[in-house]
Amino acid sequence: MNSRTMLKHGLFSAVVSTSLLVAAVSPADAATVDPSMVGTWTLVAADVQHPDGSRARDYGAAPKGMLIIDAQGHYSLQIFKAERPRFASADKSAATAAEYKAAVMGSSTHFGTISIDPASSTLTFQIENASFPNWEGQQQKRTYELKDGELSYRVVPRPNGDVPISIWRKVN
């Protein structure tokens, strides 16, 4: 082997070794998720409980959404209000303030890692990125119930005291 080949081989080995080390200590790989939670979930309801105890639809009458959880603890979550109006222009950058507001207020998305504690019935989302930037880097704990293939949980209360409630049905 000439010195150029040895250098390439050495760099390749260093990159592979570093990648394996990073993968070995990745938080998502540190713990596995309860197999009953792994899979694809479709949104059944996105409600909100008001401070007075009343409950309403938070994302309209027929919200759409998907939650995917893998065995290593990675997740991706999307919720959309089905009644979101389309933009008048085909150019997203030409939308009106009202169109932007409806798009933002009619969706909630985030991804990252999740840990599940069945003993305390809590999910903990470690949010890497979110459509609401203030959630990025946050850890959010939510009380959940898993019954007959449906997962429901309560989100952290909003500043006005409203508590969003998400209900999901397992697809696979």
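Description of the structure in this document.

Parameters at a glance
- Residues numbered from 1 in each chain as written.
- Predicted model: local features only at pLDDT ≥ 70, side-chain atom pairs only at ≥ 80, totals over all residues.
- Heavy atoms only, no water.
- Helix = DSSP H or I, 4+ residues; strand = E, 2+ residues; numbered from the N terminus.
- Buried < 20%, exposed > 50% of the residue type's maximum accessible area, 1.4 Å probe, protein only.
- Contact = heavy atoms within 4.5 Å.
- Pairing = 2+ DSSP bridges.
- Lys, Arg positive; Asp, Glu negative; His and termini not counted.
- Salt bridge = Lys/Arg side-chain N within 4 Å of Asp/Glu carboxyl O.
- Polar contact = N/O pair within 3.5 Å; in protein donor to acceptor, adjacent residues only side chain to side chain.

1. A few points about the overall build of the chain
Now for step 1: For the chain, the count of helices and strands is three helices and nine strands.
Now for step 2: Its helices and strands in sequence order give the chain the pattern α-α-β-β-β-β-α-β-β-β-β-β, from N to C terminus.
Now for step 3: Here the chain holds 172 residues, and the buried ones make up 30% of them.
Now for step 4: Across the chain, every contact between residues at least 6 apart in sequence was considered, and the portion connecting residues at least 24 apart equals 48%.

2. Looking at unusual backbone geometry
Now for step 1: The phi torsion at Ser121 lies on the positive side, around 55°, for a residue other than glycine.
Now for step 2: For Ser121, a relative accessible area of 27% corresponds to the partly exposed category.
Now for step 3: If you check the backbone angles, Asp148 has positive phi at about 50° while not being a glycine.
Now for step 4: Structurally, the position occupied by Asp148 is in the loop between β7 (139-147) and β8 (150-154).

3. Looking at the pairing of strand β3 (residues 64-69)
Now for step 1: Burial along β3 is one-sided: the face carrying Gly65, Leu67 and Ile69 is buried and the face carrying Lys64, Met66 and Ile68 is not.
Now for step 2: The pairing of strand β1 (residues 39-49) with β3 spans four bridges and is antiparallel. Counted as the bridge partner of Thr42 is Met66 from β3.
Now for step 3: Where β3 meets strand β4 (residues 74-80), six bridges bridge the pair, whose relative direction is antiparallel. For Gly65, the partnering residue across the bridge sits in β4 and is Ile79.
Now for step 4: Remark: four residues form the turn of the hairpin made by β3 and β4, two consecutive strands paired antiparallel; Gly73 in that turn has positive phi of roughly 95°.

4. Looking at the side chain of Glu99
Now for step 1: Note on placement: Glu99 falls in helix α3 (residues 97-105).
Now for step 2: Buried charge without a salt bridge: Glu99, with Arg86 as the nearest opposite-charge side chain at an N-O distance of 11 Å.
Now for step 3: If we ignore the near neighbours within four places in the chain, the residues touching Glu99 are Arg86, Phe87 and Ala88.

5. Description of the environment of Asn172
Now for step 1: Of note, Asn172 is situated in the segment after β9 (163-170).
Now for step 2: Owing to a relative accessible area of 58%, Asn172 belongs among the exposed residues under this scheme.
Now for step 3: Put simply, Asn172 and Gly39 are 133 residues apart on the chain and 5.7 Å apart in space, counted from C-alpha to C-alpha.
Now for step 4: Dropping the residues within four chain positions of it, Asn172 is found in contact with Val38, Gly39 and Thr40.
Now for step 5: At 2.9 Å, the side chain of Asn172 forms a polar contact with the backbone nitrogen of Thr40.

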